[in-house]
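Residue-level structural notes
As a plain string of letters, each chain reads:
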Amino acid sequence: MTLSLSPRRDEIGLKDGALLVDGKWRPAADGATWTHRHPATGEAIGTIPVAGESDVDDAVRAARRAFDEGDWPHSRARHRIQVLLRYASLLREHAEELRGLQALDNGVPLMFSTNIYAGSVEIAADVFAHHAGWVDKIGGQTLPPYQGGDHLAMTFRDPIGVVAAILPWNAPFLLFAQKLGPALAAGCTVVVKPSEFASFAVLRMVELLGEAGLPDGVVNVVTGPGDPTGEALVTHPLVDKVSFTGSRAVGKHIVEASAGTLKRVSLELGGKSPTLVFPDAPDIGLAAMTTVGTVTMGLSGQACVAHTRALVHRDVYDQFLGAAEMMAGAVTYGDPFELSTTASPLINARQLDRVLGLIDRGREAGARLVCGGERAGGDLADGNFVRPTIFADVDNDMEIAREEVFGPVLAVIPFSSDDEAVRIANDTDYGLGAGLYTTDARRAFRLARRLRAGTVGINGFQVEPHLPFGGFKQSGLGREGGQSAFEAYTELKTVLMPLSEEMM
Ligand code: NAD
């Protein structure tokens, strides 16, 4: 029987989406809507408003008023900490509901959002709690006079202002928190734009901010696609900072579009992350399973951190491929609400065509297809499911090794020496993550320092709230997570005061 998610939607009682402007939920001014089709079934799941220019203008002006005239940016640390911690608790209380909404949004299975920390509501709650901890530690410096008379010089960190937070569809819990946690802790006000392919969980997360006691207007939401909604937001003159997570192409466009008023921009973009497997890895099978897991389990490779290029030493190449193929065979698709389902569909038909095209061209270029390479059929034929795909004997110049596929596709590339492995690993436009599997600690640290990537995992990696996360090269600008993220939502101000007549 063909899979249907309509009964799940009815059980959850999904409401159509709305815009939030100054504490009031409303439709788009011109009534325009977008119908969300579920990626696992193609069914219409619900609608969201398409915010046009005037809706975006209303939302930005509400955030501007809340920043320029409201209490939030100047509120006492105790108040802001209490709101953020209350919110973290509310997220935990509503975890089950949020996981269900996300499964209706993007088809990420409950198995993943329940059991994998980086994909859970728990990590989002922890990110808010982590940033609550920064609120009473927003400090500056006191500096001695350099020349001239006696004077006092101090630095302060002011909130940056109105933030446009633009989210992708793949990991809304974590990415909502990585932006709003530091922004709200710093005293900013925000207009959030979720992806048109994953709005429902985010809308509920925003609703819970009101329950936590956040004043009206501090967080506003506009829904809809890049054009017109995102475009109106990134070009709006009253926005001070754009914080964007998404594709490299849109990231580059945002830098250009926001240049008119020289907005601050932070970008978390794509990756083509390598993992290096040496003969002395603690466990070759485990290295293969972890690597294949990042490109198949949960998000089906639609994760910026996926290690999509496996660079494997020739001495353990066949052993690695055998374990990788076995892991690929363990991936299961289907109803995301069933705990036996381990991986999600591709988000939409455009992405399905793109991934299948890249697979075809990988074959034509001479890469050896070990498994997968096709859609799932049977009762899943209406969904955007692609079987876990492993290519061996890939040359790093092939398109399959250079393009971010954003699907369940692993490119395995052989190497013979440490230097060759590092050269191939760094030969990419991206620089988000990298992995190393070896028991030689000196090699591990020597190579970790040579890899041009924002996060290097030695014998495994994970995403945590207090760790900086972001990319070298075309994987982005700036960092999310930890102190560096918090500082990115502040402006540094220097205040000077003469202490003697000579200075006047
Ligand atoms: P996308 O770039 O298509 O869309 C991201 C967001 O930008 C969406 O909300 C979209 O509506 C909006 N948008 C599109 N055009 C716009 C425009 N002209 N102006 C303003 N906003 C616009 O990306 P996606 O498909 O949603 O997400 C996948 C990408 O995100 C991948 O490249 C992935 O690597 C990246 N990603 C990066 C990280 C990270 O932390 N580095 C995390 C998750 C995803």
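Keep in mind that what you see is a predicted model, and the values were worked out from it rather than measured.

A cis amide bond links Asp-227 with the next residue in sequence, Pro-228, at an omega value of 15 degrees. Looking at where Pro-228 falls in the secondary structure, it is placed in helix α9 (residues 226-234).

For strand β10 (residues 241-245), the tally of buried residues reaches 5 of 5 residues, placing the bulk of the element in the interior. Judged by which residues are buried, β10 turns out to be covered on both faces: Lys-241, Ser-243 and Thr-245 on one side and Val-242 and Phe-244 on the other are all buried. Note that strand β7 (residues 162-166) and β10 share 4 bridges and pair parallel. Paired with Ile-166 across the two strands is Phe-244, which belongs to β10. Here 5 bridges tie β10 to strand β11 (residues 264-268), and the two strands are oriented parallel to one another.

The strand order across the open sheet formed by 3 strands is β5-β6-β20, and the pairing between neighbours is antiparallel. At either margin of the open sheet sits one strand with a lone partner, and together these are β5 (142-143) and β20 (490-498). Pairing geometry for strand β6 (residues 151-159) and β20, over 9 bridges, is antiparallel. By the bridge assignment, His-151 is partnered in β20 with Pro-498.

One can describe the packing of helix α3 (residues 77-93) onto helix α8 (residues 200-211) by two numbers: an axis separation of 9 Å at closest approach and a directional angle of 135 degrees. As summarised for this structure, α3 and α8 are arranged oblique, according to the angle between their axes. Of the two possible hands of crossing, α3 and α8 adopt the one that is right-handed. Two secondary-structure elements touch here, α3 through Tyr-87, Leu-90 and Leu-91 and α8 through Met-205, Val-206, Leu-208, Leu-209 and Glu-211. Among the residues making up the contact of α3 with α8, the classes are represented as 7 nonpolar, no polar and 1 charged.

For the rest of this paragraph, the subject is the packing of helix α6 (residues 121-132) against helix α7 (residues 172-186). Two numbers describe how α6 lies on α7: the axes approach to 8 Å, and their chain directions differ by 15 degrees. It follows from the interaxial angle that α6 and α7 lie roughly parallel. α7 is crossed by α6, and the crossing has right-handed handedness. Every residue of α7 that contacts α6 at Val-121, Ile-123, Ala-124, Val-127, Phe-128 and His-131 is listed here: Phe-173, Leu-174, Phe-176, Ala-177, Gln-178, Leu-180, Gly-181, Pro-182, Leu-184 and Ala-185. A breakdown of the residues in the contact of α6 with α7 according to their chemical character gives 13 nonpolar, 3 polar and no charged.

Here the focus is the sheet that holds strand β12 (residues 274-277). Strand order in the open sheet formed by 7 strands is β14-β15-β16-β13-β12-β17-β18, with mixed pairing between adjacent strands. Each of the sheet's edge strands pairs with one partner strand only, and the pair in question is β14 (368-371) and β18 (455-458). For this sheet, the mean inter-axis angle between neighbouring strands, taken without regard to orientation, is 20 degrees. Judged from the 3 bridges that link them, strand β15 (residues 389-392) and strand β16 (residues 409-415) form a sheet pairing that is parallel. Counterpart to Thr-389 in the pairing with β16 is Val-409. Here helix α11 (residues 284-296) sits on the sheet in contact with β12, β13 (309-313), β15, β16 and β17 (433-437), set at roughly 140 degrees to β16.

The rules behind each value
- Residues numbered from 1 in each chain as written.
- Predicted model: local features only at pLDDT ≥ 70, side-chain atom pairs only at ≥ 80, totals over all residues.
- Heavy atoms only, no water.
- Helix = DSSP H or I, 4+ residues; strand = E, 2+ residues; numbered from the N terminus.
- Buried < 20%, exposed > 50% of the residue type's maximum accessible area, 1.4 Å probe, protein only.
- Pairing = 2+ DSSP bridges.
- Axes fitted to C-alpha atoms, helices over the stretch in contact; angles between N-to-C directions.
- Parallel < 35°, antiparallel > 145°, perpendicular 65-115°, else oblique.
- Left-handed = near helix turned anticlockwise from the far one by under 90°.
- Contact = heavy atoms within 4.5 Å.
- Nonpolar A, V, L, I, M, F, W, Y, C, P; charged D, E, K, R; others polar.

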